[in-house]
Every structure is written in structure tokens, then in C-alpha cells.
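The residues making up each chain are set out below.
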Amino acid sequence: MQKALTYAEVGATREGPLPGGYDHVFRDVRLGEGRTTYEKAVDGLFHWQMHRAAGLSVRDAPGPAAPGVDVTLRLLFLSIPCRVVYTIDEPNRRGFGYGTLPGHPESGEEAFFVVLKDDGEVRFQLRAFSRPANFLVRLGSPVAKQVQRYATNRYVSAMQQVSRG
């Protein structure tokens, strides 16, 4: 039996405004240029290379990111269980969003997109909403926000590395 997601706004990172009552994260950074850079970035994203390059261990992922795939990320002593809730597969925009499962320190959703612009520029976009999942995390909210910023910066650096091959 599949565990339920820990939030109601499933898919809200796909487009449009993010739901209220959560902290929001937006990042949009240049990775480089051209179809080769785009393909390397997409492959690295969907095969969990971004997460590994960001310093996380990836457990339980049976393969590439796809709707319904559960993955447990680990950082030191933290277990970070997530489920891929959707993928985007357009000619010049690919990515996925995953949501939090019970045991995750936060409650919410995070999405990662690789975009090939008309002028050949390749961009990495991250959209997320989250809030503490329990009282202890709420108590450490300032620290949790710093950890989120750190993780986001690590994802950006990792995608820059992955897109270069």
C-alpha cells in the first residue's frame, strides 16, 4: 500500500502561483547553450545525478524519475522520502515534481525543469513550496530555511556540473 503525500496541493509546482501558507522557492539559472547541454542536463536530472552531485544519496529509486516513483534521499542522518507526482515532457522543456511523504522533515512539493529557449540558451528552473512537517522542525524553522537555501544552491551547482558532462 502506497503512503499518502503529506500535503493537499499536488501538482501546484507545475505552473502558475504557488499555494499560500507555505514558504516559496524560485530559481532560474543559465546552464549553457545548445541541444547537447540541454540533453545532458535532462538526463542528469531524470537519472538522479543532480541529487547525487548535490551530496545526497539516492535510495529505493527503481529507475528514472516517473510519476508514482518513490525515492528516499538521504543527507547524513536525515531520511527524505518523496514521490514523483508528475513529469513534463515537451520538446524544449522537461522536468518533474515530487512531493513529500511521511517521515520527510518538510511538507510540500519541489519541481525541477530544464528549458531550451528559442535562442539556444539552456535554463534550469526550480519551484518549491514547503512548511515544517512537525513541531520539532517548526521549532527549528530558521535552521530549516537555511538548510532549504543550502540544498537549493547545491541543486543549482549540481545542474551546472551535470550539464557540462
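To be clear, the structure that these remarks concern was listed above.
Parameters and conventions
- Residues numbered from 1 in each chain as written.
- Predicted model: local features only at pLDDT ≥ 70, side-chain atom pairs only at ≥ 80, totals over all residues.
- Heavy atoms only, no water.
- Helix = DSSP H or I, 4+ residues; strand = E, 2+ residues; numbered from the N terminus.
- Rg over C-alpha atoms; globule rule 2.2 N^0.38 Å.
- Buried < 20%, exposed > 50% of the residue type's maximum accessible area, 1.4 Å probe, protein only.
- Contact = heavy atoms within 4.5 Å.
- Pairing = 2+ DSSP bridges.
- Axes fitted to C-alpha atoms, helices over the stretch in contact; angles between N-to-C directions.
- Phe/Tyr/Trp six-rings, centres within 6.5 Å; stacked < 30°, edge-to-face > 60°.
- Core = buried A, V, L, I, M, F, W, Y, C linked by side-chain atoms within 4.5 Å.

Student: Can you tell me about the overall build of the protein, naming the residues and giving the values?
Tutor: From N to C terminus, the protein includes four helices and seven strands. Moving toward the C terminus, one meets the helices and strands of the protein in the order β-α-α-β-β-β-β-β-β-α-α. A compact globule built from 165 residues should have a C-alpha radius of gyration of about 15 Å, and the protein, at 15 Å, falls within 12% of that. When its C-alpha atoms are laid out on the principal axes, the protein stretches across 45 × 30 × 25 Å. Burial status across the protein gives 47% buried among its 165 residues. Of the contacts made within the protein by residues no fewer than 6 positions apart, 58% connect residues no fewer than 24 positions apart.

Student: Break down the sheet that holds strand β7 (residues 121-132) for me, citing the residues and quoting the values.
Tutor: Pairing is antiparallel in the open sheet, where seven strands are placed in the order β1-β7-β6-β5-β4-β3-β2. Only two strands of the sheet have a single neighbouring strand rather than two, namely β1 (23-33) and β2 (57-59). Ignoring which end each strand starts from, the neighbouring axes of this sheet average 25° apart. Bridging between strand β6 (residues 106-116) and β7 involves 11 bridges; their strand directions are antiparallel. When the bridges of β7 are listed, Glu109 appears paired with Phe129.

Student: Account for the packing of aromatic side chains, naming residues and giving values.
Tutor: Taken as a whole, this structure holds nine aromatic pairs when the rule is applied. Look at Phe46 and Phe96: their rings are 5.5 Å apart centre to centre, the planes differ by 65°, and that puts the pair in the edge-to-face class. You can see Phe46 sitting in helix α1 (residues 34-46) and its partner Phe96 sitting in strand β5 (residues 93-100), a full 50 residues away along the chain. Just as Phe46 is buried, Phe96 falls in that class too. Residue classification places Phe96 among the buried positions, given a relative accessible area of 0%. Counting every residue linked through ring pairs, the aromatic cluster contains Phe46, Trp48, Phe96, Tyr98, Phe112, Phe124 and Tyr155.

Student: Please give an account of the environment of Gly20 that cites residues and values.
Tutor: Looking at the element boundaries, Gly20 is found in the segment before β1. Assessed through its relative accessible area of 59%, Gly20 is described here as exposed.

Student: Which residues make up the nonpolar core, and what values do they have?
Tutor: Ranked by internal contacts, the top residues of the largest apolar core, which has 33 residues, are Trp48, Phe96, Tyr98, Phe112, Phe124 and Tyr155. Looking at this core, the elements that each hand over two or more residues are β1, α1, β3 (70-75), β4 (78-90), β5, β6, β7 and α4 (141-164). Ranked by residue count, the leading element in this core is α1, at five residues.

Student: Just give me the short version of the pairing of β7, but keep the residues and values in it.
Tutor: Burial analysis of β7 places 11 of its 12 residues in the buried class, which makes it a mostly covered element. As judged from the 10 bridges shared by β1 and β7, these two strands associate in the antiparallel manner. Paired with His24 across the strands is Phe129, a residue of β7. Between β6 and β7, which pair antiparallel and follow one another directly, the connecting turn spans four residues, one of which, Gly120, has a positive phi of 95°.

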